[in-house]
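Structural overview for review
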Amino acid sequence: MINLAGRDILDGWGKFVFTGLGLGLLIGVTLSMAGIYRGMVEDAKVLIDNGGADLWVVQQDTLGPYAEPSSVRDDLYRSLLGIPGVAAAGNVTYLTMQIAHAGTERRVMLVGFELGQPGGPPRLIAGRPITRDHYEALADIKAGFALGERVQIRRHQYTIVGLTRRTVSSNGDPMVFVPLKDAQELQFLKDNEALRNERARTAANPVYNRPNVPGLLSQVQAGQASSHFVNAVLLRLAPWADAGAVAEEVRRWKYLQAYTRSDMEEILVAKLIATSAKQILMFLVILAVVSAAIVAFIIYTMTLNKIREIAVLKLIGARNRTIAAMIMQQALGLGLIGFIVGKTAATFWAPIFPKYVLLLPEDALRGLLIVLAICAVASTIAIRAALRVDPATAIGG
Amino acid sequence: MTQAPAILIEGLRKRYGEGEAAVDALKEVNMRIEPGEVVGLIGPSGSGKSTLLKCLGAVIEPSAGRMHLGGQTIYDQGWLIRDLRALRRDRIGFVFQAPYLIPFLDVTDNVALLPMLAGAPNAQARARARELLAALDVGHRAQARIAQLSGGEQQRVAIARALANQPPVILADEPTAPLDSERALTVVRLLNRMAEQYRTAIIVVTHDEKIIPTFKRIYHIRDGRTYEEAGEGRAF
């Protein structure tokens, strides 16, 4: 038996391909939306993976350090190292900020970490690690900084000594790594004018400026000019250690909160990007409905243009299923062309997006099945119209 | 032993609507057409020609009477054939005023489609199509697209399609209307040749004054009733 749908497509392939192209761009947008969601999840996962930590110790009753602010003392790591199973502990600070660069502003996440401890970048793609305690930085390549470039961050200039890749915040902002002390100063210290003002206010306070207590005022003022807080302590555990048991130990005896990798994934994926995920899901649903409406309209119009041929086919004995199969195959063909165009387009434009777009093969397969299902459903309107055609209309009168 | 008529219609009636709004499109139709015979069906607009054709073509149901096709009773106060679609496909050929060929199929496949719909293998259906196209002098256009054919060529392809399943009856609804005199006569000549060659009875509904004298027998239809008369049967 002749494949009527295939012959019709071949006969008007130009029209069909252009229609598929339009539909394909819409499918491309849909696939990209799914890719953006996957990218957000992936960003969250690399954020967890990059630190090289097994446990995140943060302020009690907070979801820190990524989802909520958290502040703990920077000498806490000493007591944490005493817990059985803890192999390494590293203080970290995280601060999202704007950095002026080449006449524009870049949004980055500034990470303070201790050299050789958990919290630093996993690997470099160019340059060298930080070797000095101050004013050297490593940057994700997406930040746009070049090796050796000097970048102004608040009061100081930092030299970019190494570049990393895929080190981003849960928002997709590229990370810039600096030594912990510099990061603490950047995050917690006030500017010079504020410090001067604070010193004057303290000096004017008789509680701190007592004539008979020499050294008190200078101690208080020194405390105001230094910071001993970090956002979290990242722990790396010994291979034999049970992360859940160590976390419970920290919660019970240190009056802090400790999150395992799975806890942190739950916080980042299920809580932090939940609203964005719902937003994207809404877009996906709307795009799916729009795609279905477009396919239904196109197939319906194409069918109406063939009403006379369909009447003749019915008159000369074509079965309903032959006609229905022709229309459905055309709808599926249109969907297939649209999907190929959409997948190609999404693959080409994904790198242009400012945020990471992750196009997974399984999502593409799922997308193909959904597109074909939508096309099949959308074609039913046209099929119903075709099956209602009276073969008598082929005969005049 | 006498051969059964290709078409035998007795007291066929068709009423549209009910009650006061009812319209009797066919009041008393009687016809007998032998295999290989070409007859004309002539009548003014609204006389019931199309209704009769639709009843014969099994696309609408008559209200009363009997119809026999190739010796088999297909209608007697109701359809006696369950699968009317198969009846139309296998035992009735259709030729329309406009050829109504399938534009996205080539000439051969337009003709081969009918045997294929009847379940014939593609190769066999195409061989049959090529044979008919050659018989109708359009064999050289077998691979052409429909849009590349002239009106006359398209009508020949339509005739080939009607003959594809070797039906005992072909219903031709004003097949020469869009053609000039010469082409119209050519089509009628082909219909006669095919009728003779394949022993197919052909009913030609027409208003065309050019071809009416070519019929040996003519049925006039007026106010839903048929009247038979001998035609001139003029040579082409």
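You'll find the structure just up there.
These lines cover the structure that appears in this document, whether it is placed above or below. (Residues numbered from 1 in each chain as written. Chains lettered and ligands numbered in written order. Predicted model: local features only at pLDDT ≥ 70, side-chain atom pairs only at ≥ 80, totals over all residues.)

1. Remarks on the overall build of chain B
In terms of regular secondary structure, chain B is built from six helices and 10 strands. A compact globule built from 236 residues should have a C-alpha radius of gyration of about 18 Å, and chain B, at 18 Å, falls within 12% of that. Along the first, second and third principal axes, the C-alpha atoms of chain B reach 55 × 45 × 40 Å. Relative to its full complement of 236 residues, chain B shows a buried share of 49%. (Helix = DSSP H or I, 4+ residues; strand = E, 2+ residues; numbered from the N terminus. Rg over C-alpha atoms; globule rule 2.2 N^0.38 Å. Buried ≥ 20, exposed ≤ 12 C-beta atoms within 10 Å, placed from the backbone.)

2. Thoughts on the environment of Pro99(B)
Residue and element names in this part refer to chain B. Looking at where proline 99 falls in the secondary structure, it is placed in the loop between strand E6 (92-95) and helix H3 (107-117). Judged by the 22 C-beta atoms lying within 10 Å of it, proline 99 is buried. Each C-alpha atom of the pair proline 99 and glutamate 153 lies 9.5 Å from the other, and the pair is 54 residues apart in sequence. Aside from chain neighbours lying at most four places away, what touches proline 99 is Gln154, Gln155, Val157 and Ala158. (Contact = placed C-beta atoms within 7 Å.)

3. Comments concerning the interface of chain A and chain B
Listed by partner, the interface residues are 19 residues for chain A and 26 residues for chain B. Within the residue set of the side of chain A that touches chain B, elements represented by two or more residues are helix H1 (4-11) and helix H10 (307-315) of chain A. With four residues, H10(A) is the largest single contributor of residues to the side of chain A that touches chain B. Partitioning the side of chain A that touches chain B into residue classes produces 10 nonpolar, three polar and six charged. (Nonpolar A, V, L, I, M, F, W, Y, C, P; charged D, E, K, R; others polar.)

4. As for unusual backbone geometry
The phi dihedral of Arg166(A) falls on the positive side, at around 55°, and the residue is not glycine. By the secondary structure assignment, Arg166(A) is in the loop between strand E8 (156-164) and strand E9 (175-179). Classification of Arg166(A) as buried rests on a count of 20 C-beta atoms within 10 Å. Although it is not a glycine, Asp223(B) sits at a positive phi angle of roughly 50°. Relative to the helices and strands, Asp223(B) is located in the loop between strand E9 (217-222) and strand E10 (225-230).

5. Quick look at the nonpolar core
Among the nonpolar cores identified, the biggest contains 180 residues, and Val57(A), Val233(A) and Leu191(B) are the most heavily contacted of them. For this core, the leading source of residues is helix H2 (residues 13-50) of chain A, giving 11 residues. Not counting residues within four places of it along the chain, the set of residues in contact with Leu191(B) comprises Val38(B), Ile159(B), Ala172(B), Ile202(B) and Val204(B). (Core = buried A, V, L, I, M, F, W, Y, C linked by C-beta atoms within 7 Å.)

6. Points about the packing of H2(A) against helix H8 (residues 261-272) of chain A
Residue and element names in this part refer to chain A. The contact between H2 and H8 brings their axes to 10 Å, and the two run at 150°. Taken as axis vectors, H2 and H8 run roughly antiparallel relative to one another. Where H2 crosses over H8, the two elements pack in a sense that is right-handed. Within the contact between the two elements, H2 uses Val41, Ala44, Lys45, Leu47 and Ile48 and H8 uses Arg261, Met264, Glu265, Leu268, Val269 and Leu272. Classifying every residue of the contact of H2 with H8 gives eight nonpolar, no polar and three charged. (Axes fitted to C-alpha atoms, helices over the stretch in contact; angles between N-to-C directions. Parallel < 35°, antiparallel > 145°, perpendicular 65-115°, else oblique. Left-handed = near helix turned anticlockwise from the far one by under 90°.)

7. Description of H10(A)
With seven of its nine residues buried, H10(A) lies for the most part within the structure. Of the positions making up H10(A), those classed as buried are Glu309(A), Ile310(A), Ala311(A), Val312(A), Leu313(A), Lys314(A) and Leu315(A). On its buried face, H10(A) is in contact with helix H11 (320-349) and helix H12 (361-387) of chain A together with helix H2 (84-91) and E6 of chain B. In the segment just after H10(A), Gly317(A) is the residue with positive phi, at about 105°.

8. What about helix H6 (residues 181-198) of chain B?
Residue and element names in this part refer to chain B. Between the first and last C-alpha of H6 there are 25 Å, a value that for 18 residues agrees with the 26 Å anticipated at 1.5 Å per step. Where H6 is concerned, the buried positions are Ala184, Val187, Val188, Leu190, Leu191, Met194 and Ala195. Down the axis, H6 shows its buried residues gathered within 155° of arc, on one side only. Exposed positions of H6 whose direction lies more than 90 degrees from the buried face are Ser181, Glu182 and Gln197. In this fold, the buried residues of H6 make contact with strand E3 (38-42), helix H5 (151-163), strand E7 (169-173) and strand E8 (201-205). After H6 finishes, the residue arginine 199 shows a positive phi value of roughly 55°. (Expected span 1.5 Å × (residues − 1). Arc of directions from axis to C-beta.)

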